[in-house]
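Residues per chain are reported as follows:
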Amino acid sequence: MAVPVFTLQLNHKLLPGRVTIGKYDGSHSCLTAATTADKVLIHSPHRRLGTTSQMSGAATWSQVNKEISLLSVNRNVSALCAGRLHPDLEQDILVVGTPSSVLAYNVENNKDLFYKEVADGANIIVVGHLSGYENPLALVGGNCSIQGFDYKGNDPYWTVSGDNVRSLALLDYDLDGENELIVGSDDFDLRVFKEDVMVGETSETEVATILAPLRGSKMAYALANGTVGVYNKLHRVWRVKSKNRAVSVLSYDIDGDGVEELVTGWSNGKVDARNSRTGEVVFKDNFNNSVAGLADGDYRLEGRSQLICCSVDGEVRGYDSSRLGSLMEGNAHQDAVRDLLQKKQALLMELRNYESNTRSSSGAAQTNMNAGMIPAKTSLQTTVSINMGNKSKGPHVELCLTTNNETIIRAVLVFAEGIFAGETHVVHPRDEELTSSLKVALFPPRDVPLDIHIKALVGLPRTEQFHVFELTRHLPRFSMYNLISASAPLPEELPQNFVSFFISERIQRVVLWINQNFLLSSELEPESGGGSLSLSFSALRDGSLLSISMHPAGRMAIATSNMTLAGDLVQSLASFLNLSNLQVTAEFPDELAHLGEWLEKVANLQEVRIQLGADLAHRAGLIRNLIVRAEDARLLPDLTSMREWHTQLLEVNDDLINSYNIRCSNHNELLEILKQINLTIQKAARLRVGQNKADVVNLSRSALQSNNLHSLLKIVRTGEA
Amino acid sequence: MDLIFLALSLYKKRQFEECVKTCTELLDKNPFDQAVWVLKMKALTEQLYVDDLEAEEEGIAEAFMDNETIAESARPGTSLKNPGTSQGGSTQGYRPWTQTGRPVSGVVRPGTQTARPGTMEQALRTPRTSKTARPSTSQSARTIRLGTASMLSEPGGPFIQLSRINLGNYAAKPSLAKPLFLYILYHENSIRHALQLAVLATQACEFKDWWWKVQLGKCYYSLGLMREAEQQFRSALRQHQCIETFLRLGRVYIRLDQPLSALDVCRTGLEYFPKEITLLTEIARIFEGLNNMTMSVKYYREIVTEDSTNVEAIACIGMHHFYTDQPEMALRFYRRLLQMGLYNAELFNNLGLCCFYAQQYDMTLSCFQHALSLAKEDDVADIWYNIGLIAIGVGDTRLAGQCLRLAISADSSHAPAYNNLGVLELRRGRVNEARAFFQAAASLAPYLFEPYFNHAALSNKLGDLQASYIVIQKSLEAYPSHIPSQELLHALEKHFTFI
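Not measured: the values here are computed from a predicted model. (Residues numbered from 1 in each chain as written. Chains lettered and ligands numbered in written order. Predicted model: local features only at pLDDT ≥ 70, side-chain atom pairs only at ≥ 80, totals over all residues. Heavy atoms only, no water.)

Chemist: Talk me through the overall build of chain B; I want residue IDs and the actual numbers.
Modeler: The secondary structure content of chain B amounts to 26 helices and zero strands. Looking at the 499 residues of chain B, the share that counts as buried comes to 52%. Of all intrachain contacts in chain B linking residues separated by at least 6 positions in sequence, the fraction that spans at least 24 positions is 56%. Accessible surface, chain B: about 23300 Å² in total, of which carbon and sulfur atoms supply 53%. (Helix = DSSP H or I, 4+ residues; strand = E, 2+ residues; numbered from the N terminus. Buried < 20%, exposed > 50% of the residue type's maximum accessible area, 1.4 Å probe, protein only. Contact = heavy atoms within 4.5 Å. Areas by Shrake-Rupley, 256 points an atom, 1.4 Å probe, with all protein chains shown as cover.)

Below is the structure:
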């Protein structure tokens, strides 16, 4: 436990995760947080200290509450960020996101920089420089899209992501001195964008709710399932999992050693700081309520910043390295003693085991059955294959474990990310069913390459002690597709849904790719002649057909009705063949038909929306009028008319609530459709590689803005406007 | 004469009633004559057209239930809500405040009279004490004060049945849609229908007509949807720069209580229209609202160099000079107004005061005589109060007392008169009467610090320290940097700590 250098009470309930700190006058840090009453609270301690107060004399006595000022947003604050958005101003600008708008506000001058309606909502906002853009941008992550606004309110940056954006971070990923954008979205993916080209992608086991840049190319992340860890580029350095959820992650040098620690605020009120290289806890404290957010800023005007933690009930504590040093030293000794004791215990246990083993082997060889010894030659064989399933179990990938002698497999622990609900799957057959082989069914929900870590407990029948076999198997990316025929003749006519493109590569290379990325019973032999390649697969998930064909001339076609799958295949193939650019022709009539429908619906919904908005405003105006009148009647003690006004008020109020509900459902419908449109664009972009991919996004956007369905369809189909 | 020609001629001569009559005759003969129909619409609109920018007034409902303002307690000098806190501005010490808690302005405009008292109850009560009433909403302000047709009954039913009309049919025809829109907005005052039409029309012209965007913004503004209005005005300004649009956008920011943004908008407007009077006036007014008189007067001076007959600018500069102890300069500006043909009680009243302070005593009384002879009911009290002030100045307390009593008889809620009477009574040693007058003044005008201070000083002298302590705090609330009040408070505090 650490002793805070200061504590204070804001007396407002705060929303978790929406806490930031800004220097709105250019020099003094002000803690800024969203309250549950749809307001933004700005705490300016320097006002109390009187550093800017030019009021003379007795005027100060009435300014006790000047420390806290509130901004009315009147909508649920969904994101909050302060940063230097204006390139010419030395002040921080506060950017407030709500589910339907973004407001950039100059707190010092009580002035809007811009106010923008964003149909996709604002789930998360970061402010900073992005490579390729001269001015700082406020990057707003919404439903499937990311928009970047400059200080004038223009949005030079726009791109789509695979799903709703949950977290954003600006980080110098490739150490070229310019920031790249890292995006965590609802489809569990982390993507890295350099300008508008995606340069990296990795998959997590849950939604990444928080991303925070650390020093260099390191980045901290937190998942919705309570995992916190550190990435260096896209390699995970370490991670820890807790049953609580991380609310806020921040890098701050709490122990004063010159290297930032990773500070995490948890939903149960715990705050801890971990070494960013090892994950070792160096500091912790507890709040009574959930942590609302962390920030670092100079709050005591002492020239260096403190770590500031807020809880949801408005308690604020500040820490710095000065108090921590001595405290942690005392702890370090105790920790060392505890560690050594634990090691001693473990060693003693091991020694006892060895002793008993030697006793049994030397004493009576015939009793080795009881001692749990297994033959030295015992080995565990694993095979991964596709099982088309039966009535009770659908088609799946089957992991088959067998031992090479009479030993049995007592239980198997399979650890793989993202396949099982809790990451780990345990199979332990009943005693009478124990055999020397065991089958585990896997259902990878998504097409990602997987490493499966297996721990098998192997022993002789009826023993108490088992040997643990640890092994790792690799599951190829497209394991959920079963090869039907390898030599079907090329169909004369292409199927309805397909992508086709030219690559200047030999067929053998493509065959190699297929061997690596699909789960085949036997490896395909590349044909030596100039023959063409044609393969058909069936998807285990929905039984749909996938066929891949390639002409010797280099024309390749992937036929599938699943646009996402086609995108995955193209991306995987491109990275295998090191293609920097790839343009494809895509025909997905079903998806495109939807797109037309959606655009029409959006137009209709927006028209209705304007009407509903005017209706609401009109009713709200009536209500204001009625309230004033009712109040007037009350002051005049004219109870008859007061009752009359209130009756009317009630009626108008009911109407208002009704039309509000209608508007709400209209809004939700609109959101859903916009999300679908963004997703389709994203899928279309994934069919291309490199610059062509970025082009699709940009062209689609301008087509959407001009509401040009025809050109949008063409872009999805050909990748060109 | 051809009736259509006659109707057009009448319209040009602004004889709208005759024009409407002629059009009605024509329409009786041929109900499908679109030209006549439009002409009648325009004539009806013109009858009731008001400059809604100048006549705009914030209602009680907006002031208290307005939820668009972002900052609840903005930094001094960045908000119109708390002008008293602005730094370097004038204070009550040498420029009196109106009941709104703002320094008096050179001219009376809608808005300079509206108060921002603490609670709605106060706001509802305040108008009853004076002769000004406040509208409950800004929407009703225009409809009630200026009487649009929606409040009048028309013989033979309304000209256009809005509920029956198919707006979609008209939206695509600009020549019909625009007059129809203005008719709906100004004559029928049905903002919802107007908005519906504007939405359809702007879609019909593929969002290319800035005029419709401005109208949409106007509709949103009156509905209180400030953000939507802002977007429309901004979008319109990108297509076409127009003074009206700049002004309206500025008004949006004033409603959002972001005066600095409004100033920025007006300055951008000035880049397109250098030295444009209306924009300059708007800037000067905003500075006045921010209690930054120096800047305000600077812009008023700029206006006067452009338009030497601008009454508002001249009056405001005159006022500024008067309250910065230059009555001779003020006199010149007010004389200029007199030369321009302004001939009313207020002007003579101001002239009288200027003459008095510029030591031209011979003119003083004759000016006030003119003022009294021209005065209407509203002004009499103020003029008597000022005469009382001069009487005090020349030391004629008997005359002063009489004048102040006349002022009170003309307006029984004239707080400064009560205060001055209290001081006069105190000089004559009638303590209880004096205290009663101070209390009356304070209850009528809690925004004035003088009655509080006088009351506190009196109580202090009488030994009622507790009352003095309570009252002096109220004085400091009204005028935080009033030095004598602060000194009294310190003395009292010191005294209490000794006990």
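Chemist: Now, about the sheet that holds strand E17 (residues 197-203) of chain A: what can you tell me, with residues and values included?
Modeler: Residue and element names in this part refer to chain A. If you walk across this open sheet you meet the four strands as E14-E15-E16-E17, and the pairing is antiparallel. At either end of the open sheet lies a strand with only one pairing partner, and these are strand E14 (165-171) and E17. Sheet twist, expressed as the mean angle between neighbouring strand axes with direction ignored, is 20°. Here strand E16 (residues 189-194) pairs with E17 via six bridges, running antiparallel. (Pairing = 2+ DSSP bridges. Axes fitted to C-alpha atoms, helices over the stretch in contact; angles between N-to-C directions.)

Chemist: How would you sum up the packing of helix H17 (residues 327-339) of chain B against helix H18 (residues 345-357) of chain B? Please name residues and give values.
Modeler: Residues and elements named next belong to chain B. For the pair H17 and H18, the least separation of the axes is 9 Å and the interaxial angle reads 150°. Taken as axis vectors, H17 and H18 run roughly antiparallel relative to one another. As H17 packs across H18, the resulting crossing turns out to be left-handed. Of the residues in H18, those in contact with Pro327, Ala330, Leu331, Tyr334, Arg335, Leu337 and Leu338 of H17 are Leu347, Phe348, Asn350, Leu351, Cys354, Cys355 and Tyr357. Residue composition of the contact of H17 with H18, grouped by class: twelve nonpolar, one polar and one charged. (Parallel < 35°, antiparallel > 145°, perpendicular 65-115°, else oblique. Left-handed = near helix turned anticlockwise from the far one by under 90°. Nonpolar A, V, L, I, M, F, W, Y, C, P; charged D, E, K, R; others polar.)

Chemist: Could you give me a rundown of the sheet that holds strand E12 (residues 145-149) of chain A, with the residues and numbers involved?
Modeler: Residue and element names in this part refer to chain A. The strand order across the open sheet built from four strands is E10-E11-E12-E13, with neighbouring strands paired in antiparallel fashion. The open sheet has two edge strands, strand E10 (124-128) and strand E13 (157-160), and neither has a second partner. This sheet shows a mean twist of 15° between the axes of neighbouring strands, independent of strand direction. For E12 and E13, the ladder comprises four bridges, and the chain directions are antiparallel. Looking at the pairing, Gln147 lines up with Trp158 of E13. Helix H7 (residues 639-686) rests against E12 and E13 of the sheet, and its axis sits at about 85° to E13. Those strands touched by helix H8 (residues 691-705) are E12 and E13, and its axis lies near 105° from that of E13.

Chemist: Lay out the packing of helix H10 (residues 210-223) of chain B against helix H12 (residues 243-255) of chain B in plain terms, naming residues and giving numbers.
Modeler: Residue and element names in this part refer to chain B. Where H10 meets H12, the axes come as close as 11 Å, and the angle between the chain directions of the two elements is 25°. The angle between the axes of H10 and H12 places the two elements in the roughly parallel class. For H10 against H12, the interelement crossing comes out left-handed. Contacts from Trp210, Val214, Lys218 and Tyr221 of H10 reach H12 at Glu244, Thr245, Arg248, Arg251, Val252 and Arg255. Among the residues making up the contact of H10 with H12, the classes are represented as four nonpolar, one polar and five charged.

Chemist: How would you sum up the pairing of strand E26 (residues 291-297) of chain A? Please name residues and give values.
Modeler: Residue and element names in this part refer to chain A. In terms of burial, E26 is largely enclosed, as six of its seven residues are buried. With six bridges connecting them, E26 and strand E27 (residues 306-311) associate as antiparallel partners. By the bridge assignment, Gly297 is partnered in E27 with Gln306.

Chemist: So what about the UniProt feature "domain: Ciliary BBSome complex subunit 2 middle region" (unreviewed entry) in chain A? Which residues, and what values?
Modeler: According to UniProt, the feature "domain: Ciliary BBSome complex subunit 2 middle region" (unreviewed entry) maps to residues 167-274 of chain A in the numbering used here. In the segment residues 167-274 of chain A, helix accounts for 0% and strand for 62%; the C-alpha atoms at its two ends are 21 Å apart. (UniProt positions renumbered as here; feature names shortened; annotations may be inferred.)

Chemist: I'd love a proper account of the domain arrangement of chain A, names of residues and values included.
Modeler: Assigned domains within chain A: domain 1 (11-203), domain 2 (210-347), domain 3 (382-475), domain 4 (481-579) and domain 5 (589-718). Spacing between the C-alpha centres of domain 2 of chain A and domain 5 of chain A amounts to 42 Å. (Domains from an automatic or database assignment.)

Chemist: I'd love a proper account of unusual backbone geometry, names of residues and values included.
Modeler: Its identity as a non-glycine residue notwithstanding, Asp38 of chain A has a phi of 60°, on the positive side. Here Asp38 of chain A is to be found in the loop between strand E3 (30-35) and strand E4 (39-43). Residue class for Asp38 of chain A comes out partly exposed when judged on its relative accessible area of 25%. Here Glu206 of chain B, not a glycine, exhibits a phi torsion of approximately 55°, which is positive. Here Glu206 of chain B is to be found in the loop between helix H9 (191-204) and H10.

Chemist: Any chance you could break down the side chain of Gln306 of chain A for me, citing the residues and the numbers?
Modeler: All names here are of chain A. Mapped onto the elements of the fold, Gln306 is located in strand E27. A distance of 2.8 Å separates a polar atom in the side chain of Gln306 from the backbone nitrogen of Tyr299. Leave out the neighbours within four places in its chain, and Gln306 touches Val5, Phe6, Tyr252, Ala295, Asp296, Gly297, Asp298, Tyr299, Arg300, Tyr319 and Asp320. (Polar contact = N/O pair within 3.5 Å; in protein donor to acceptor, adjacent residues only side chain to side chain.)

Chemist: Pulling in residues and values, what's your account of the nonpolar core?
Modeler: In terms of nonpolar packing, the biggest core is built from 109 residues, with Trp37, Ile160, Leu180 and Phe181 of chain B touching the most fellow members. Among the domains, domain 1 (166-235) and domain 2 (376-498) of chain B are the pair contributing at least three residues each to this core. Apart from the residues within four sequence positions on either side, Leu180 of chain B is in contact with Trp37, Met41, Ile160, Ile165, Leu167, Tyr170 and Leu197 of chain B. By size, the runner-up hydrophobic cluster in this structure holds 86 residues, among which are Leu399, Leu475, Ile507 and Val689 of chain A. (Core = buried A, V, L, I, M, F, W, Y, C linked by side-chain atoms within 4.5 Å.)

Chemist: An account of the side chain of Asp257 of chain B is requested, with residue identities and associated values reported.
Modeler: Structurally, Asp257 of chain B can be placed in the loop between H12 and helix H13 (259-272). Non-local contacts of Asp257 of chain B, meaning those with residues more than four positions away in its chain, are made with Asn110 of chain A together with Thr69, Thr78, Ser79, Leu80 and Lys81 of chain B.

Chemist: Run through the UniProt feature "repeat: TPR" (unreviewed entry) in chain B, naming residues and quoting values.
Modeler: If you check UniProt for "repeat: TPR" (unreviewed entry), the listed places come out as residues 345-378 and 415-448 of chain B in our numbering. With 79% helix and 0% strand, residues 415-448 of chain B has its two end C-alpha atoms placed 8 Å apart.

Chemist: Could you give an account of the pattern of salt bridges, with specific residues and numbers?
Modeler: Residues and elements named next belong to chain A. For the structure shown, the criterion picks out 41 salt bridges over all chains. Across the pair Glu117 and Arg609 runs a salt bridge whose closest N-O atoms are separated by 3.9 Å. Within this pair, whereas Glu117 is found in strand E9 (residues 111-117), its partner Arg609 is found in helix H6 (residues 589-635), the two being separated by 492 residues in sequence. On the accessibility criterion, Glu117 (26% relative accessible area) is partly exposed. (Salt bridge = Lys/Arg side-chain N within 4 Å of Asp/Glu carboxyl O.)

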